[in-house]
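Below are the chains, spelled out letter by letter.
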2 protein chains.
Amino acid sequence: MDADAHKRMSEKRNSGYEKKQSKATLEKGLLIVNTGTGKGKSSAAFGMSLRAVGHGMKVGVVQFIKGAMQSAERDVLQRFDNVDFQAIGDGFTWKTQDRERDVATAERAWAEAERLLSDASVQHIVLDELNVILKYEYIDQERVLAALRARPSSQHVIVTGRHAPEALTDLADMVNEVRSLKHPFKLQGVKAQAGIEF
Amino acid sequence: MDADAHKRMSEKRNSGYEKKQSKATLEKGLLIVNTGTGKGKSSAAFGMSLRAVGHGMKVGVVQFIKGAMQSAERDVLQRFDNVDFQAIGDGFTWKTQDRERDVATAERAWAEAERLLSDASVQHIVLDELNVILKYEYIDQERVLAALRARPSSQHVIVTGRHAPEALTDLADMVNEVRSLKHPFKLQGVKAQAGIEF
């Protein structure tokens, strides 16, 4: 592309960008769902939490499944005074092989989530792997939807995990699906490594 | 699902998981590409950097485009001694309307990337929005591929941005595509908000 063509394209894109921005004037707490079978759903949520921490917001995190697992992200986020991090899950559900225990754990985690969702001073919440809890019906979907609907209007919530139920994505303001186009576990026998998988 | 069926399914999944893990024994620096038009590509990369920071790894970040923009993620990551954060870009390319300046900026950013890619003490690198730089041919693709191929074998690199070129995804160990299924900018006139968009 020559310099003139580049300038014309840039001007056109810039005008489109500013037009879009000028129409977008609402501020509201967003419900964001990160789903799909690819990698980075939780990392993207924690990356956004990092932004919120940087803005001095009060941040809440509930881990519904991976709470018992090593998590360097948790170690770092917990260092900040304005982060309330509840790591509760017992690990992967197919590890525990005990539905009653899974349900009890999910209830404990959900109680923390309800506390955060009813506290207007908490501006940014991550409900990590809640989609999976809903998929296995460890918690009643209607209870979750009701709490999300009733939350403070300025509160952002990010729900992560595979298999987001349709009722949740219907309620959401933003839904991102991560698809894995290539994965080293499948391709090359590379094991889970620090800084990448945990 | 009753408790027995749950137990059988859990056992089957657990066995599959352990079989997969036992075959995966390699440790190597991964090249990860986060692309697609959805949200969370950079946040997922920064979330992974947070993990790496938590593991005490030396982390390098080069921002090729958004360097001049406010970034709460940057503010937080820069607080850590083991993070080398180079925020170099001038903002969106369609804002600058000057291809020569964009190329010069990209070259400055790439020089920092080359420095990090040749330093074996740096274990985790994010090249934020490099895909966009390649798409607009601000830097020669072959130079980038050569530097990635020649990097220390244990070094993880995450490249983000829309429009990852095929030559890069071919070289990558892991490719994640984020698709936006729903976005509040389009739907409801909600503006960019702190903690979500920046």
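Residue numbers here run from 1 along each chain, matching the order of that chain's written sequence. Chains carry letters and ligands carry numbers; both start at the beginning, A for chains and 1 for ligands, and go up in the order they are written. In keeping with the model being predicted, local features are shown solely for residues with a pLDDT of at least 70 and side-chain atom pairs are shown and tallied solely at 80 or more, while totals for entire chains, interfaces and linings include all residues. The side-chain values count all of the structure's non-hydrogen atoms but skip hydrogen atoms and water molecules.

**Some points on the overall build of chain A**
Item 1. Under the scheme used here, helices are H or I runs from DSSP no shorter than 4 residues and strands are E runs no shorter than 2 residues, and both carry numbers assigned from the N terminus. Helix and strand content of chain A: nine helices and six strands.
Item 2. In chain A, buried positions account for 56% of the 198 residues.
Item 3. Whether two residues are in contact is decided by their heavy atoms, any of which lying within 4.5 Å being enough. A separation of at least 24 residues holds for 76% of the contacts in chain A among residues at least 6 apart in sequence.
Item 4. Carbon and sulfur atoms form 46% of the exposed surface of chain A, whose accessible area is close to 8,500 Å². Only protein chains enter the area calculation, which uses a 1.4 Å probe; residues under 20% of their type maximum are buried, those over 50% are exposed, and those in between are partly exposed. The accessible surface values rely on the Shrake-Rupley method and a 1.4 Å probe; as for residues, cover is taken only from the protein chains in view.

**A word on the environment of Leu171(B)**
Item 1. Examined against the element boundaries, Leu171(B) turns out to sit in helix H8 (residues 166–171).
Item 2. Through-space distance from the C-alpha of Leu171(B) to that of Ile32(B) is 9.4 Å; in sequence the pair is 139 residues apart.
Item 3. Each residue touching Leu171(B), except ones within four places of it in the same chain, is listed here: Lys182(A), Leu31(B), Leu145(B), Leu148(B) and Arg149(B).

**Brief notes about the sheet that holds strand S2 (residues 59–63) of chain A**
Item 1. For two strands to be treated as a pair, DSSP must find at least two bridges joining them. Strand order in this open sheet of twelve strands is S3(A)-S2(A)-S4(A)-S5(A)-S1(A)-S6(A)-S6(B)-S1(B)-S5(B)-S4(B)-S2(B)-S3(B), and the pairing throughout is mixed. Looking along the sheet, the strands with just one partner apiece sit at the ends: strand S3 (83–87) of chain A together with strand S3 (83–87) of chain B. The average angle at which neighbouring strand axes cross in this sheet is 15°, direction not considered.
Item 2. Pairing between strand S1 (residues 31–35) of chain B and strand S5 (residues 156–160) of chain B: four bridges, direction parallel. Whenever a helix is involved, its axis is fitted only over the stretch in contact; in every case the axis is a line through C-alpha atoms, and angles between N-to-C directions fall within 0 to 180 degrees.

**With respect to unusual backbone geometry**
All names here are of chain A.
Item 1. The residue Glu 129 is not glycine, and still its phi comes out positive at about 75°.
Item 2. Relative to the helices and strands, Glu 129 resides in the loop between strand S4 (124–128) and helix H6 (130–135).
Item 3. On the accessibility criterion, Glu 129 (11% relative accessible area) is buried.
Item 4. Phi at His 163 is positive, roughly 60°, even though this residue is not glycine.
Item 5. As for its position among the elements, His 163 is in the loop between strand S5 (156–160) and helix H8 (166–171).

**With respect to the pattern of salt bridges**
Item 1. By definition here, a salt bridge exists when the distance from a side-chain nitrogen of Lys or Arg to a carboxyl oxygen of Asp or Glu is within 4 Å. All told, the structure shown has 14 salt bridges over all chains when counted by the stated rule.
Item 2. Of the charged contacts in the structure, one is a salt bridge between Lys28(A) and Asp173(A), with a shortest N-O distance of 2.8 Å. Of the two residues, Lys28(A) sits in the loop between helix H1 (3–23) and strand S1 (31–35) while Asp173(A) sits in the loop between H8 and strand S6 (174–182), which places them 145 residues apart along the sequence.
Item 3. A residue is classified by how much of its surface remains accessible, and Asp173(A), at 4% relative accessible area, is buried.
Item 4. Between Arg51(A) and Glu73(B) there is a salt bridge, with the nearest N and O atoms lying 3.1 Å from each other. Here Arg51(A) is found in helix H2 (residues 41–54), whereas its partner Glu73(B) is found in helix H3 (residues 72–77) on a different chain.
Item 5. Accessibility expressed as a relative area gives 9% for Arg51(A), which makes it buried.
Item 6. Each of Asp84(A), Glu112(A) and Arg115(A) takes part in one network of salt bridges that share partners.

**Topic: the side chain of Thr105(A)**
Residues and elements named next belong to chain A.
Item 1. By secondary structure assignment, the location of Thr 105 is in helix H5 (residues 99–117).
Item 2. For Thr 105, a relative accessible area of 6% puts it in the buried group.
Item 3. When sequence neighbours within four positions are dropped, the list of residues in contact with Thr 105 reads Ile 88, Gly 89 and Asp 90.

**So, the pairing of strand S2 (residues 59–63) of chain B**
Residues and elements named next belong to chain B.
Item 1. Counting buried positions along S2 yields five of five residues, so the element is predominantly enclosed.
Item 2. Side chains Val 59, Val 61 and Gln 63 project from S2 onto one buried face, and the interleaved Gly 60 and Val 62 project onto a second face that is buried too.
Item 3. Sheet topology places S2 next to S3; five bridges connect them, and they run parallel. Across the sheet, the residue bridging to Gly 60 is Asp 84, located in S3.

**Some points on the environment of Arg162(A)**
Residue and element names in this part refer to chain A.
Item 1. Within the fold, Arg 162 resides in the loop between S5 and H8.
Item 2. Residue class for Arg 162 comes out partly exposed when judged on its relative accessible area of 40%.
Item 3. As a C-alpha pair, Arg 162 and Val 178 span 16 residues in sequence and 9.3 Å in three-dimensional space.
Item 4. Leaving out residues up to four positions away in the same chain, Arg 162 has contacts with Thr 35, Gly 36, Thr 37, Lys 41, Asn 131 and Val 132.

**Considering the packing of aromatic side chains**
Item 1. Between the rings of Phe, Tyr and Trp (Trp by its six-membered ring), a pair exists once the centres lie within 6.5 Å; its type follows the angle of the planes, with under 30 degrees stacked, over 60 edge-to-face, and the other angles tilted. Evaluation of the coordinates by the stated rule reveals five aromatic pairs over all chains.
Item 2. Pairing Phe80(A) with Phe80(B) gives two aromatic rings, centres 6.4 Å apart and planes at 90°, and the pair type is edge-to-face. A residue pair is termed interchain when its members come from two chains, as with Phe80(A) in the loop between helix H3 (72–77) and S3 and Phe80(B) in the loop between H3 and S3. Each of the two residues, Phe80(A) as well as Phe80(B), counts as buried.
Item 3. Judged by centre distance (5.8 Å) and plane angle (25°), the ring pair of Tyr136(B) and Tyr138(B) falls under stacked. For the pair Tyr136(B) and Tyr138(B), a shared accessibility class is recorded, and that class is buried.

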